[in-house]
Amino acid sequence: MEKSTFKLPVSPKTIAIFLFAFVMFLVLANLVGQYYKDIYADNEILSKIIVKFDLDLERNNVPTWYQSSTLLLSSFLLTVIALLRFNEEDKDYKFWGFLAAIFLYLSLDEAVSIHEQLTMPLRTTFDLGGIFYLSWVIPAVLFLGILFLVLYKFLQRLPVRTRFLMIAAGIIYVSGAVGIEMIGGQYLDAANDLPTRILDFRYVLITTFEEFLEMFGIIVFIYTLLTEIVPSEAVVKAAEPARNIKGFGGTVALSK
């Protein structure tokens, strides 16, 4: 059965570019704010603005709202695709729905930081440190391994371009959310051994890069989902039947 599609007033590429521009604004605002936060510590207004753009704060500020919203948008788009595939009697609608549920949870987790509640119990129980100082990454890695095994055959059935973009988006996101997080955890563990714990600008750069990778990975994912729902102009033209028109020089084929 032919795949169902929609039309949007703007292209998936335009949406992705807009989101990327906003992410770069958040990154720049965070870096500038964190660089000058000590200088303006006594300025109540500027201090509040700096906190509102702190990428590492992960609660009640602009970056958190943005990331939670884009994860929620991903869940919505996955739900739309699941419904479309269900109407097409495509058995893979279950996998799209499964992913929608996961991203709905990720959106909630981003807003309230559920995963961080695992850190202290795991760290104290198993005396973890170094790259496992932020100990929630251990169950996260195990979950990602199981998730990949569950989705492996589903990914193999996807069109090559969609599969490549989805895997690329996942690698980018996980590299930040887990990979760079582990580097940041190691840095924090080392900082605990100092007489006075000071999180300097090096740690700001680590966390900024981590959050950038997460946000960029989601942009790639949203773009991929939109291209599954919204046909590109080239695809539409290729799918349109041609009609022949007789002219002085012979017959030409035109799309409807």
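Refer to the structure printed above.
The following paragraphs examine the structure supplied in this document. Quick caveat, the model's predicted, so the values are computed rather than measured.

What counts and what doesn't
Here the residue index of a chain counts from 1 through its sequence in written order. Where local features are concerned, this predicted model is filtered to residues with pLDDT of at least 70; where side-chain atom pairs are given and counted, the filter is 80 or more; whole-chain, interface and lining totals use all residues. The side-chain numbers reported here are obtained from all heavy atoms of the structure, hydrogens and water having been left aside. A side-chain nitrogen of Lys or Arg and a carboxyl oxygen of Asp or Glu constitute a salt bridge if their distance falls within 4 Å. Per the convention used, a helix needs a DSSP run of H or I reaching at least four residues, while a strand needs a run of E reaching at least two, with both numbered from the N terminus. Any two of the Phe, Tyr and Trp rings considered here, Trp counted by its six-membered ring, make a pair once their centres fall within 6.5 Å; the pair's planes then place it as stacked at under 30 degrees, edge-to-face at over 60, or tilted in between. We call a residue buried when its accessible area falls under 20% of the maximum for its residue type, exposed when it is over 50%, and partly exposed in between, using a 1.4 Å probe and counting protein chains only. Expected helix span is given by 1.5 Å per residue-to-residue step, counting one fewer step than there are residues. Should any heavy atoms of two residues lie within 4.5 Å, those residues are considered in contact. Here, nonpolar core refers to any group of buried Ala, Val, Leu, Ile, Met, Phe, Trp, Tyr and Cys residues whose side-chain atoms link them within 4.5 Å.

### Some thoughts on the pattern of salt bridges
Under the defined criterion, the tally for this structure stands at five salt bridges. Residues E228 and R85 are paired through a salt bridge, measuring 2.9 Å at the closest nitrogen-oxygen approach. Remark: R85 occurs in helix 3 (residues 62-87) and E228 occurs in helix 8 (residues 201-229); sequence separation between them is 143 residues. A network of salt bridges, in which partner residues are shared, links R85, E88 and E228.

### A closer look at the packing of aromatic side chains
By the definition in use, this model includes 15 aromatic pairs. Geometrically, the ring pair formed by F20 and F212 is edge-to-face, given 6.4 Å between the ring centres and 70 degrees between the ring planes. With F20 in helix 1 (residues 12-36) and F212 in helix 8, this pair connects stretches of sequence that are 192 residues apart. According to the relative accessible area criterion, F20 is partly exposed, its value standing at 33%. With centroids separated by 5.8 Å and ring planes inclined at 85 degrees, the aromatic side chains of F25 and F53 adopt a geometry described as edge-to-face. Of the two residues, F25 is situated in helix 1 and F53 in the loop between helix 2 (44-52) and helix 3; the sequence distance between them amounts to 28 residues.

### Considerations on helix 4 (residues 93-112)
The periodicity of an α-helix, 3.6 residues per turn, causes residues three or four places apart in sequence to face the same way. With 20 residues, helix 4 extends 29 Å between its outermost C-alpha atoms, agreeing within 8% with the 28 Å of an ideal straight helix rising 1.5 Å per residue. What helix 4 keeps buried is the set W96, L99, A100, I102, F103, S107, D109 and E110. The elements touched by buried residues of helix 4 are helix 3, helix 6 (137-157), helix 7 (160-191) and helix 8. Two residues or fewer past helix 4, S113 is found with a positive phi of approximately 55 degrees.

### Quick word on the nonpolar core
Counting 56 residues, the largest nonpolar core has L78 and W96 as its most contacted members. Contributions of two or more residues to this core are made by helix 1, helix 3, helix 4, helix 6, helix 7 and helix 8. Top element by residues in this core is helix 8. It accounts for 13 residues. Those residues in contact with W96, other than ones at most four positions away along the chain, are L78, I81, A82, R85, F154, L158, M166, L225 and E228.

### Looking at the side chain of D109
Relative to the elements of secondary structure, D109 occurs in helix 4. Residue class for D109 comes out buried when judged on its relative accessible area of 7%. Residues within four places of D109 in sequence aside, it is in contact with I114 and H115.

### Some words on unusual backbone geometry
A positive phi angle is found at E89, which is not glycine, with a value near 60 degrees. Inspection of the secondary structure puts E89 in the loop between helix 3 and helix 4. In this structure E89 comes out as exposed when scored by relative accessible area, which is 69%. A positive phi angle is found at D127, which is not glycine, with a value near 50 degrees.

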